[in-house]
Structures are given as C-alpha cells and as structure tokens.
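# Reading the structure
Residues per chain are reported as follows:
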Amino acid sequence: MQRTLFVLMLAALALTGGSVGAQVIVPPDFVTGGGYIFGTPSGARGNFGVGGGVKNGAFGGHLNYIDHDSDLHVKATSITGYVFVDPQTRSICGTYATNTGETGSFLVTVTDMGEPDGDDIFEITLVESDYSAAGDLGGPGPGGGNIRLHGSNPSNTPPTEGVCPDDGNGIPV
C-alpha cells in the first residue's frame with residue numbers, strides 16, 4: 001500500500017510540476033546519524049549511517065544501510081529531497097543501489113529525541129521492493145546509536161524543487 005501511494009505521489013508531482021497538497025517545508029538545517037535497529041523484516045540487526053539536509057541551495061547527504069539477515073546492502077546514489085515532519089523529525093528521500101543490483105527510490109525518516117540519551121528513531125522504506133524497517137535507538141528498545149538534528153543556518157537557502165512526495169497533508173509518504 002505504501003509503495004502504491006508513493007508511486008501515485010511521484011506521478012502527481014510530475015503532472016503538477018512538483019506541488020501536491022499542503023505546502024512542504026524544506027528546512028535550512030541538516031541531520032546526521034548512525035546505529036543499529038532490530039526492526040528489519042526478519043527481526044535481524046540492521047546497521048545504518050545517514051545524513052541529509054540542504055547546503056548552498058541543493059540537497060545533500062548519504063545513506064548506507066545493511067540488513068544482516070538478507071545481506072542487503074543499500075547505498076544512496078542521490079538525495080532528491082529533505083522535509084520537515086515535526087520539530088524533531090526529518091525525512092530524506094532519494095535513489096539507491098544495492099549489492100544485488102537493485103535500484104529504486106528510498107525514504108528515510110529520522111527522529112532526534114534529544115541528547116544524550118534520547119530514544120531516537122530510524123525508519124527506511126525501499127519503495128519499489130516494498131522493503132521497510134524501523135526501530136528505536138535506545139530507551140526501552142534493543143537498538144543503539146544516535147540521530148542528531150543540527151541547527152539551521154539562516155543564510156542557507158533551501159532548493160525550491162525536488163522535495164519528498166507527501167500525502168497531501170505535508171507528511172512524507
């Protein structure tokens with residue numbers, strides 16, 4: 001279902017020139033993180049390193065994710081969007097390639113619940129394959145690591161196009 005919504009939103013973005021639903025906020029900040037989760041499809045460990053944001057009018061960042069059960073290794077090939085979800089949460093979208101030759105679109109959503117012991121969250125969806133995994137990085141959950149939302153730079157201008165598709169209410173899908 002999530003893949004269908006994402007594909008429909010991409011089509012709507014293409015047909016409308018990039019504006020769908022509520023205004024999507026592209027913040028002039030950036031986020032970094034790394035760690036591990038156990039919210040993979042099999043429950044096995046998934047390790048990640050992620051970053052995203054805007055700099056000098058362009059999107060930038062990286063994604064490196066490994067699902068240890070399936071030996072799936074995902075690397076971003078481009079960052080095409082960075083979206084404000086709420087004051088602690090950002091979504092990063094782009095394209096990826098895997099160690100098996102698969103390519104497609106990804107959406108990563110991360111939440112920074114504060115330093116030093118916040119129960120941060122990492123979520124990944126590989127749209128074309130219907131793969132998704134999510135987990136917390138501490139607190140009551142079995143994961144570990146840290147997500148860090150870095151302050152905005154008022155002189156940094158976000159891009160005007162290329163944001164992650166949204167559900168019509170400004171929430172990335």
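Residues numbered from 1 in each chain as written. Predicted model: local features only at pLDDT ≥ 70, side-chain atom pairs only at ≥ 80, totals over all residues. Heavy atoms only, no water.

### Thoughts on the overall build of the protein
When you go through the protein residue by residue, the secondary structure sums to one helix and nine strands. In the protein, which comprises 173 residues, the share counted as buried stands at 44%. Excluding contacts between residues fewer than 6 apart, the proportion of contacts in the protein whose partners are at least 24 apart in sequence is 51%. On the protein, roughly 8,200 Å² of surface is accessible, and the fraction owed to carbon and sulfur atoms is 54%. (Helix = DSSP H or I, 4+ residues; strand = E, 2+ residues; numbered from the N terminus. Buried < 20%, exposed > 50% of the residue type's maximum accessible area, 1.4 Å probe, protein only. Contact = heavy atoms within 4.5 Å. Areas by Shrake-Rupley, 256 points an atom, 1.4 Å probe, with all protein chains shown as cover.)

### A closer look at the packing of aromatic side chains
Under the counting rule described, the total for this entry stands at four aromatic pairs. Here the aromatic rings of Phe48 and Phe122 are separated by 3.9 Å at their centres, their planes lie at 10°, and the arrangement is stacked. With Phe48 in strand β2 (residues 46–55) and Phe122 in strand β7 (residues 121–126), the pair connects residues that are 74 residues apart, well separated along the chain. Grouped by ring-pair contacts, the aromatic residues Phe48, Tyr65, Phe122 and Tyr131 constitute a single cluster. Geometry around Tyr36 places Arg45 over its ring, the cationic atom sitting 3.8 Å from the centre. (Phe/Tyr/Trp six-rings, centres within 6.5 Å; stacked < 30°, edge-to-face > 60°. Lys NZ or Arg CZ within 6 Å of the ring centre and 35° of its normal.)

### Remarks on the environment of Glu115
Here Glu115 shows up in the loop between β6 (103–111) and β7. Judged by its relative accessible area of 39%, Glu115 falls in the partly exposed class. Residues Glu115 and Arg148 lie 33 residues apart in sequence; the distance between their C-alpha atoms is 8.1 Å. A polar contact of 3.3 Å, which involves the side chain of Glu115, links it to the side chain of Asn146. (Polar contact = N/O pair within 3.5 Å; in protein donor to acceptor, adjacent residues only side chain to side chain.)

### Here we look at the sheet that holds β6
On the basis of which strands lie adjacent, the open sheet formed by nine strands has the order β8-β7-β6-β5-β4-β3-β2-β1-β9 and antiparallel pairing. Two strands in the sheet have a free side with no partner beyond their single neighbour: β8 (131–136) and β9 (144–150). The sheet shows a mean angle of 15° between the axes of neighbouring strands, direction not considered. (Pairing = 2+ DSSP bridges. Axes fitted to C-alpha atoms, helices over the stretch in contact; angles between N-to-C directions.)

### Side note on the pairing of β6
Most of β6 is tucked away, with eight of its nine residues classed as buried. Pairing analysis gives nine bridges linking strand β5 (residues 89–98) to β6, with the strands arranged antiparallel. Following the sheet pairing, Ser91 is matched in β6 by Thr109. Here β5 folds back onto β6 in antiparallel fashion, the turn holding four residues, of which Gly101 has a positive phi close to 95°. As defined by bridge partners, β6 adjoins β7 across six bridges and the pair is classed as antiparallel. Bridge pairing in β7 links Val110 to Phe122.

### Remarks on the pattern of salt bridges
In this structure the tally under the stated criterion is one salt bridge. In this structure, Asp29 and Arg90 form a salt bridge, with 2.8 Å as the shortest nitrogen-oxygen distance. Of this pair, Asp29 sits in the loop between α1 (2–16) and β1 (30–37) while Arg90 sits in strand β5; the two residues are 61 residues apart in sequence, bridging distant segments of the chain. The burial state of Asp29 is the same as that of Arg90; both residues are buried. (Salt bridge = Lys/Arg side-chain N within 4 Å of Asp/Glu carboxyl O.)

### Description of the side chain of Thr98
Among the secondary structure elements, Thr98 is positioned in strand β5. Among the polar contacts made by the side chain of Thr98, one reaches the side chain of Thr100 at a distance of 2.8 Å.

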